[in-house]
Amino acid sequence: MADAAGGLAFQIFYAFTHAMTTNDTGGFTSGSASISSNVTDGVNGGSAAAVPQTQEILGNPTGMTFDQRMRLGYTNSSQVPPQRLTWNGIWELPVGRGKKFASGSGRALDAAVGGWQLGFIGTWNRGFWMGVPSTEFISTNPALNGDQRLTMNIFGKNQMLWYAGDFNPALATNVDASKLQALVPVDRGARAIHPIGPSFDNRVPQTLANGNVVLTTVTDNVSWNARNFMLGPPSWNQDLSIFKYFNFTERVRLRVNADFFNAFNHPTNRNPAATTGLIDLSRQANAPRIIQLGARVEW
């Protein structure tokens, strides 16, 4: 889109992407060696999956093809947001001789206030796909709607509950306890995610052929958790630059500019902690406003 007559030209781009992968560690490593070691941890750096052997799958099913086993590690990419909006443009400010404001200014005043331009570029994304740690097993869907997310003081910090995680809600203050405990019960076994087994250590009783019962770990098997099934916090950013050219001769001119990165100085929430589902509101994922002043001579 553009409005050349008004001195404004701009573009807007929207992208919808449904990227899926079996190995998604951000491009810096080759992924984990086991399908269960970090496969569901979309919170802290993506997912990675080796194709499991039949004996790694609960129930030791027979007849599964390589393709079917590979699909057990298929997941939404935690590195690509499903929706992204980008915009950029330039605006010749309506100030100075012949413009809407200060149109009758003299030569000296026009040299100071006229001819300035504003450049801008910004982005917004819906959030990145994420899951829960492989040490926590899903009993019910932990994802929350916006009106369910509560803020509270807990663990010495002001935090927001992004999804119903695994922590003791009785430790929280400055929050409606009944609403919080409806989402994260005091009874650990009733929480949406928690380790399994009688001691919550991911070991379950297993009866051997001789009748003995031993506690056997389940973490060597493929986790039944959904992988990268909910979205993390959305984010947006707006950068601005105001600049002007001063012409000295036909070939020599000076450009002065002021650049504002994160111009509105707004915080972007970090992803929630992997186990608790809590976002530390005292920290932010983006940098604060940065102002850069510059000048350059062109000839």
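Whatever comes next refers back to the structure up there.
Note that the coordinates shown come from a computational prediction; the quantities given were computed from them, not determined experimentally. The residue numbers shown here count from 1 along each chain, following its written sequence. Totals for whole chains, interfaces and linings use every residue, but because this is a predicted model, local features are given only for residues with pLDDT of at least 70 and side-chain atom pairs only at 80 or more, for both listing and counting. Excluding hydrogens and water, the side-chain values take into account all heavy atoms of the structure.

Some thoughts on the overall build of the chain
Step number 1: Under the scheme used here, helices are H or I runs from DSSP no shorter than 4 residues and strands are E runs no shorter than 2 residues, and both carry numbers assigned from the N terminus. Along its length, the chain carries three helices and 20 strands.
Step number 2: Out of the 299 residues in the chain, the part that is buried amounts to 35%.
Step number 3: Residue pairs at least 24 apart in sequence account for 66% of intrachain contacts in the chain once pairs closer than 6 positions are excluded.
Step number 4: For the accessible areas, the method is Shrake-Rupley and the probe is 1.4 Å, while residue cover comes only from the protein chains on display. Entry remark: accessible area of the chain is about 16700 Å², with carbon and sulfur atoms responsible for 56%. Relative accessible area decides the class of each residue, using a 1.4 Å probe on protein chains only: under 20% of the type maximum gives buried, over 50% gives exposed, and in between gives partly exposed. Contacts: residue pairs with any heavy atoms within 4.5 Å of one another.

Description of the pattern of salt bridges
Step number 1: A carboxyl oxygen of Asp or Glu within 4 Å of a side-chain nitrogen of Lys or Arg is what we treat as a salt bridge. Tallied over the entire structure, the rule returns seven salt bridges.
Step number 2: When the shortest N-O distance is used, the salt bridge between Lys 157 and Asp 280 registers 3.5 Å. Of the two residues, Lys 157 sits in strand β12 (residues 157-161) while Asp 280 sits in strand β19 (residues 278-280), which places them 123 residues apart along the sequence.
Step number 3: For Asp 280, a relative accessible area of 12% gives the class buried.
Step number 4: Ionic contacts of the salt-bridge type, sharing partners, join the residues Asp 166, Arg 188 and Arg 191 into one network.

Some remarks on the pairing of strand β14 (residues 203-207)
Step number 1: One ladder, built from five bridges, connects β14 with strand β15 (residues 213-217); its direction is antiparallel. When the bridges of β15 are listed, Pro 205 appears paired with Leu 215.
Step number 2: The rule for pairing is simple: two strands pair if DSSP sees at least two bridges between them. Linking β14 back to β15 in an antiparallel pair, the connection comprises five residues, with Gly 211 at a positive phi of about 95 degrees.

As for the environment of Phe 229
Step number 1: Tracing the backbone through its elements, the reader meets Phe 229 in the loop between β15 and β16 (230-231).
Step number 2: For Phe 229, a relative accessible area of 24% puts it in the partly exposed group.
Step number 3: Considered as a pair, Phe 229 and Asn 76 are 153 residues apart in the sequence and their alpha carbons are 7.2 Å apart.
Step number 4: Not counting residues up to four positions away in its chain, the partners in contact with Phe 229 are Trp 129, Met 130, Gly 131, Ile 138, Asn 141 and Pro 142.

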